[in-house]
Protein chains: 2
Amino acid sequence: MERSAINTYIEQNKERVLNELLDLLKIPSISADSKYKPDILKTAEAVKQRLIEAGADKVEISPSKGNPVVYAEKIIDPAKPTIIVYGHYDVQPADPINLWHSPPFEPVIKKTDIHPEGAIFARGACDDKGQMYMHVKAFELMMKTNTLPCNVKFMIEGEEEVGSPSLGPWIIENKERLKGDVILISDTSIIANDTPSIDVGLRGLAYMEVEVVGPNRDLHSGVYGGAVANPINVLCKLIADCHDENKHITIPGFYEDVMELSAEARAEIAKAPFNLDEYKKDLAVGDVMGEKGYSSIERTGIRPTLDVNGIWGGYIGEGAKTVLPSKAFAKISMRLVPNQNSHKISELFQKYFESVAPKSVRVKVTAHHGGEPVVVSTESVGYKSASMAMEETYGKKPIPTFGGGSIPIVALFKKELGLDSILFGFGLDSDALHSPNEHYGLVNYYKGIETIPLFYRNFTQLSGK
Amino acid sequence: MERSAINTYIEQNKERVLNELLDLLKIPSISADSKYKPDILKTAEAVKQRLIEAGADKVEISPSKGNPVVYAEKIIDPAKPTIIVYGHYDVQPADPINLWHSPPFEPVIKKTDIHPEGAIFARGACDDKGQMYMHVKAFELMMKTNTLPCNVKFMIEGEEEVGSPSLGPWIIENKERLKGDVILISDTSIIANDTPSIDVGLRGLAYMEVEVVGPNRDLHSGVYGGAVANPINVLCKLIADCHDENKHITIPGFYEDVMELSAEARAEIAKAPFNLDEYKKDLAVGDVMGEKGYSSIERTGIRPTLDVNGIWGGYIGEGAKTVLPSKAFAKISMRLVPNQNSHKISELFQKYFESVAPKSVRVKVTAHHGGEPVVVSTESVGYKSASMAMEETYGKKPIPTFGGGSIPIVALFKKELGLDSILFGFGLDSDALHSPNEHYGLVNYYKGIETIPLFYRNFTQLSGK
């Protein structure tokens, strides 16, 4: 496989390769909201068609307990290694819509300072349609140039943004056909377009819904205020008490299983370029804030956290209403690091909240989907294949990083299929994932399509098969 | 004026007197939401017509900077005292609508344990249309039986639920025709239908809107969580820190102007019947919660408080979204007692919040309408007239109480017109003011119409005019 042949193919098919992605982005495949189910199915169908056109076999929309999984494969030689490509065709909700400069499902290409050659602006542009589709096009490229060096299987699901609840059962049911040697995933970021990196650690996730109920009905805050516990005030205290003055989480037992890194490991991590002033300026904050004793990179990479993702209660409409509300709610999630376990943490959280809640309210805590933290060895064949591929197309060796985000199914793949996942992402942190005006650089998109075939080549060679 | 004559008139006109109120209740005169302006004007027009029919003169819908004031008068003899009746024809918003057992603007009469003879269920049934309309019917009664002993003026406004922003300027503009001797208001409650009471103290109100801004955009909580201050977490801490462990408010200077009551005064207040077990059972709470060292009655009557009336931020829709939001908001109000001043408290609050906010966020605090606390002397002619009137129709001397709610304009009347307000209310705390399923007992409604003419008689006699 020659890089010039790869680049020629990309050049000749540049426009179509982009337009197909733009078409995918137009479908609002929002998994968090059941009213978009028809769009979910429409997107799965589109991905299926593109895989068929790329040359895959046994392409099917495989049913699950929830949204279907698009499966496809190309077996050229059972003796060769098998790469399993994972991605997801569902996207995050787009709200608040009024903060988007262009409609979230009407992709436009705009030039920016970070992307002078242009970026695609749409929900899902990076997470994950843009990155997932690079793999479909890289596969097509290898098929059309007859350079596919090993076997490949595609597993593109539709529930990642809601925690992939149906994927576990689907994998167990399909274990036979999911035999392979490594999982390849593009759903993370590089440090910068001139500084490639590969995530070797992903934080886990525990996501909790909390409901605090005070009086059995909304009350007049004049008649009752001062005598009756206000569930909003109580909820605020419960949340505030989750951190001490050093921003250390106070939930008993929370840090018990946290693997502290060695001084050497921390020194490696510190090599990643990071400019605090620019970081603050980019976010327009007066200061950063986090756990005492750790740098910003460490706080987002190797330390567990607790964030309130949403809070509501009482009157939130126009004007003033002097109500002492009956209920208050919060969505609270914790990012976890090895070797914390999401079920154990969810239980600790629930036990803690219920134990510290005052007798004047009733607290109900339920757990959403969780995900386990994960670490990949830089000595593995998969990591080396990815590292060498990026070194070739970027001209620089990628830095191993600890990404802050969670991809819960990575631990699932290890558990059910015994396979490592290589986090081979090409996005940027500034792509505004999960936020308004999400985008993906054209340079990044094409770079991924260019680099992925080199991973296939390296992996086949290093596997010695 | 004979009680039997009063009761005969009420009996003979019972149904019409009720139906006219039900018609008023059908109009959704919600002042907090500008889309109901047509209904506001429609209600004002209806009140005007009823006053004309009752026999008043100079009835007009008097324009203001906002919703109009319905003015009317009957001057029988300039040498006689003049009672000015204040009420409001606007109502609270009705949400959450789904918690109402019958539509908020389709009044129905239902029997309940507390109201075995029936209560009117509708938004505004008690606050304030039911109570305000008792005065219109009492006036009609005195006019039709030719027993009106003194002069009367009506001032029925349409913005009380949003803090009466236009009333001050309207009063100043109409000062000439608002000369009088006392303001009579029915917008408070008695302890129970067999335990009359008169509010001698109203708490003031300071209402604040707080906005906390962290990063300049919503962020992915995996990529940024732990390194960047989450405005929801920060807001929760700011709110939680407003109280210490004794539920004493921590804002510096907050209690400076609070008039501590004497032991004797506190003993008087303690005479009001109060059953803690029933209070907790009625609200279905495991315990009450409030400032250490004070009883529940004192906590709602003579102590200032801080309550969060509404809080929101981040993702509050269906399912999970792992966002670290850019902003968080809260509506926070404080009930004040003599001699606290709402402007001073608003400033203290704003200064405090801005000073304790960490450098990693920007806090914006704005003040809504406020209202001053007020106290009426039990030695005054107005109080005695009301007390004697209730003693006659209830068979018991009313207990002087410190109501928890605020009627901000009472301080305004003192300041601009030099007049005391007699809080002559006939509702019950269980009437669910500001809540779903607000109601007003038929017994209470007719009792008010029966008692008000006795106030007029007593006031005229005691004024010696």
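For clarity, every value in this text was computed on a predicted model and none was experimentally measured.

Residues and elements named next belong to chain A. Along its sequence, chain A is organised into domain 1 (3-202 + 374-463) and domain 2 (204-258 + 304-371). When each unit is reduced to the centre of its C-alpha atoms, the spacing between domain 1 and domain 2 is 35 Å. Taken together, the contact between domain 1 and domain 2 spans nine residues of the former and eight residues of the latter. Where domain 1 touches domain 2, the interface holds zero salt bridges. Put simply, domain 1 and domain 2 have zero residue pairs in polar contact (both at pLDDT 80 or more) between them. The residue inventory of the side of domain 1 that touches domain 2, partitioned by class, reads five nonpolar, four polar and no charged.

Two copies of a chain can be linked by a rotation about an axis combined with a shift along that same axis. If you rotate chain A by 180° and push it 0.1 Å along the axis, it lands on chain B with an RMSD of 0.2 Å. The superposition operator between the copies reduces to a two-fold rotation axis. Of the interface residues in chain A, 99% have counterparts in chain B that sit at the interface too, so the contact is made through matching surfaces.

Below, the discussion takes up the nonpolar core. Ranked by internal contacts, the top residues of the largest apolar core, which has 70 residues, are Met 334, Phe 349 and Phe 353 of chain A together with Met 334, Phe 349 and Phe 353 of chain B. For Phe 349 of chain A, the residues in contact, after removing those within four places along its chain, are Met 208, Val 210, Ile 251, Leu 306, Ile 332, Met 334 and Val 365 of chain A.

Counting residues at the interface gives 89 residues for chain A, matched by 88 residues for chain B. Both sides of the chain A and chain B interface together cover about 7,400 Å² of buried area, and 52% of this is carbon and sulfur. The largest share of the area that chain A buries against chain B comes from Leu 283, Met 289 and Lys 321 of chain A, three residues that together contribute 9% of it. With its nearest N and O atoms 3.0 Å apart, the salt bridge here joins Asp 282 of chain B to Arg 217 of chain A. The leading source of residues in the side of chain A that touches chain B is strand E11 (residues 305-314) of chain A, at 10 residues. Per-class residue counts for the side of chain A that touches chain B are 36 nonpolar, 32 polar and 21 charged. In the sheet, E11 of chain A pairs with strand E11 (residues 305-314) of chain B via five bridges, with the strands oriented antiparallel. Note that in E11 of chain B the partner of Ile 311 of chain A across the bridge is Gly 313 of chain B.

The next thing to look at is the sheet that holds strand E13 (residues 327-336) of chain A. Strand order in the open sheet formed by eight strands is E14(A)-E9(A)-E13(A)-E11(A)-E11(B)-E13(B)-E9(B)-E14(B), and the pairing between neighbours is antiparallel. Edge positions in the sheet fall to strand E14 (362-371) of chain A together with strand E14 (362-371) of chain B, since each of these pairs with one other strand and no more. With direction set aside, neighbouring strand axes in the sheet form an average angle of 20°. Note that E11 of chain A and E13 of chain A share eight bridges and pair antiparallel. The partner of Leu 306 of chain A across the bridge, within E13 of chain A, is Met 334 of chain A. Contacts from helix H10 (residues 342-356) of chain B reach strand E9 (204-213), E11, strand E13 (327-336) and E14 of chain B within the one sheet, and its direction differs from that of E14 of chain B by about 170°.

We now examine the sheet that holds strand E4 (residues 108-110) of chain B. Residues and elements named next belong to chain B. Sheet architecture is open: three strands sit in the order E4-E5-E18, paired in antiparallel fashion. Taken across any chain shown, the strands that pair with only one partner, and hence form the sheet edges, are E4 and strand E18 (439-441). Taken pair by pair, the neighbouring strands of this sheet meet at an average axis angle of 30°, ignoring direction. Docked against the sheet, helix H13 (residues 442-462) engages E4, strand E5 (119-121) and E18, running at close to 60° with respect to E18.

Glancing now at the pattern of salt bridges. Residue and element names in this part refer to chain A. The tally for this structure, following the rule as stated, stands at 50 salt bridges over all chains. Of the charged contacts in the structure, one is a salt bridge between Glu 140 and Lys 137, with a shortest N-O distance of 2.5 Å. With a gap of three residues between them, Glu 140 and Lys 137 both fall in helix H3 (residues 129-144), about one helical turn apart. A single burial state applies to Glu 140 and to Lys 137, both of which are buried.

For the rest of this paragraph, the subject is helix H13 (residues 442-463) of chain A. Residues and elements named next belong to chain A. The end-to-end C-alpha separation of H13 is 32 Å, in line with the 32 Å expected for 22 residues at 1.5 Å each. In terms of residue burial, H13 counts as a mostly covered element, since 18 of its 22 residues are buried. After H13 finishes, the residue Gly 464 shows a positive phi value of roughly 65°.

Residue and element names in this part refer to chain B. Under the criterion given, the structure shown has seven cavities of 30 Å³ or more. Of the pockets and cavities examined, the largest cavity occupies roughly 50 Å³. If you trace the largest cavity, you find it lined by Tyr 9, Ile 10, Asn 13, Val 17, Lys 137, Glu 140, Leu 141 and Ile 449. Secondary structure elements with two or more residues in the lining of the largest cavity: helix H1 (3-25) and helix H3 (129-144). The leading source of residues in the lining of the largest cavity is H1, at four residues. In terms of residue class, the lining of the largest cavity is built from five nonpolar, one polar and two charged.

What follows deals with the packing of helix H2 (residues 37-54) of chain A against H3 of chain A. Residue and element names in this part refer to chain A. Packing of H2 against H3 brings their axes to within 9 Å, and their N-to-C directions diverge by 20°. Taken together, the axis directions place H2 and H3 in an arrangement best described as roughly parallel. For H2 against H3, the interelement crossing comes out right-handed. Contacts from Thr 43, Val 47, Arg 50, Leu 51, Glu 53 and Ala 54 in H2 reach Lys 129, Met 132, Tyr 133, Val 136, Phe 139, Glu 140, Met 143 and Lys 144 in H3. Class assignment for the residues of the contact of H2 with H3 results in eight nonpolar, one polar and five charged.

Taken as a whole, this structure holds 26 aromatic pairs over all chains when the rule is applied. Aromatic side chains Tyr 224 of chain A and Tyr 279 of chain B sit 5.9 Å apart centroid to centroid with 35° between the ring planes, which places their arrangement in the tilted category. With one member in each of two chains, Tyr 224 of chain A in helix H5 (residues 221-224) and Tyr 279 of chain B in helix H8 (residues 276-283) form a pair that bridges those chains. Exposure class is identical for Tyr 224 of chain A and Tyr 279 of chain B. Each is buried. Here Phe 424 of chain A and Phe 426 of chain A contribute two aromatic rings whose centre-to-centre distance is 5.1 Å and whose plane-to-plane angle is 70°, an arrangement assigned as edge-to-face. Of the aromatic side chains, those joined through ring pairs into one cluster are Phe 424, Phe 426, Phe 455 and Phe 459 of chain A.

What follows is about the side chain of His 439 of chain A. Residue and element names in this part refer to chain A. With respect to the helices and strands, His 439 occurs in strand E18 (residues 439-441). In this structure His 439 comes out as buried when scored by relative accessible area, which is 10%. Here the side chain of His 439 touches Asn 437 through a polar contact of 2.8 Å, landing on its backbone oxygen. With residues near it in sequence (within four places) discarded, His 439 still touches His 115, Ala 119, Ile 120, Phe 121, Ala 125, Cys 126, Ser 430, Asp 431 and Ala 432.

Time to look at unusual backbone geometry. A negative phi angle is the norm for most residues apart from glycine, just as the trans form is the norm for most peptide bonds. Here the bond from Pro 338 of chain A into Asn 339 of chain A is cis, since omega is 0°, no more than 30 degrees from zero. The omega torsion of the bond from Asp 95 of chain B to Pro 96 of chain B falls at 5°, within 30 degrees of zero and hence cis. Summarising the element assignment, Pro 96 of chain B is placed in the loop between strand E3 (82-88) and E4. The phi torsion at His 434 of chain A lies on the positive side, around 65°, for a residue other than glycine. By the secondary structure assignment, His 434 of chain A is in the loop between strand E17 (421-423) and E18. Taking the relative accessible area as the measure of exposure, His 434 of chain A reaches 4% and is therefore buried.

Within the secondary structure, Ser 342 of chain A sits in helix H10 (residues 342-356). With sequence-adjacent residues up to four places away left out, Ser 342 of chain A is seen in contact with Leu 205, Ala 206, Leu 336, Gly 370, Gly 371 and Glu 372 of chain A.

Nonpolar side chains collect at one region of the surface, where Val 381, Met 388 and Leu 462 of chain A lie side by side and expose about 220 Å² of accessible area between them. Of note, Met 388 of chain A is situated in helix H11 (residues 381-394).

Turning our attention to the pairing of strand E2 (residues 69-74) of chain A. Residue and element names in this part refer to chain A. Most of E2 sits out of view: six of its six residues are buried. Both faces of E2 are covered, namely the face carrying Val 69, Tyr 71 and Glu 73 and the face carrying Val 70, Ala 72 and Lys 74. Bridge count between strand E1 (residues 57-62) and E2: four bridges; the pairing is antiparallel. Looking at the pairing, Glu 60 lines up with Tyr 71 of E2. If you look at the hairpin formed by E1 and E2, you'll find six residues sitting between the two strands.

The subject of this paragraph is the environment of Asp 199 of chain B. All names here are of chain B. Within the secondary structure, Asp 199 is located in strand E8 (residues 197-202). On the basis of relative accessible area, Asp 199 is assigned to the buried category, the value being 6%. Considered as a pair, Asp 199 and Asn 67 are 132 residues apart in the sequence and their alpha carbons are 28 Å apart. With residues near it in sequence (within four places) discarded, Asp 199 still touches Thr 188, Thr 401, Phe 402, Gly 403 and Leu 423. Here Thr 401 takes part through its side chain, which lies 2.8 Å from a polar atom of the side chain of Asp 199.

Here is what the cut-offs are and how they apply
Residues numbered from 1 in each chain as written. Chains lettered and ligands numbered in written order. Predicted model: local features only at pLDDT ≥ 70, side-chain atom pairs only at ≥ 80, totals over all residues. Heavy atoms only, no water. Domains from an automatic or database assignment. Contact = heavy atoms within 4.5 Å. Salt bridge = Lys/Arg side-chain N within 4 Å of Asp/Glu carboxyl O. Polar contact = N/O pair within 3.5 Å; in protein donor to acceptor, adjacent residues only side chain to side chain. Nonpolar A, V, L, I, M, F, W, Y, C, P; charged D, E, K, R; others polar. Least-squares fit on C-alpha atoms with pLDDT ≥ 70 in both. Core = buried A, V, L, I, M, F, W, Y, C linked by side-chain atoms within 4.5 Å. Buried < 20%, exposed > 50% of the residue type's maximum accessible area, 1.4 Å probe, protein only. Buried area = accessible area lost by both parts, 1.4 Å probe. Helix = DSSP H or I, 4+ residues; strand = E, 2+ residues; numbered from the N terminus. Pairing = 2+ DSSP bridges. Axes fitted to C-alpha atoms, helices over the stretch in contact; angles between N-to-C directions. Expected span 1.5 Å × (residues − 1). 1 Å grid on protein atoms, 1.4 Å probe; cavity = no way out; pocket = protein on both sides within 12 Å on 5 of 7 lines; lining within 4 Å. Points joined across faces, edges and corners; volume = space filled by probe spheres on them. Parallel < 35°, antiparallel > 145°, perpendicular 65-115°, else oblique. Left-handed = near helix turned anticlockwise from the far one by under 90°. Phe/Tyr/Trp six-rings, centres within 6.5 Å; stacked < 30°, edge-to-face > 60°. Patch = residues over 30% accessible without salt bridge, like charges linked within 9 Å, V, L, I, M, F, W, Y side chains within 5 Å. Areas by Shrake-Rupley, 256 points an atom, 1.4 Å probe, with all protein chains shown as cover.

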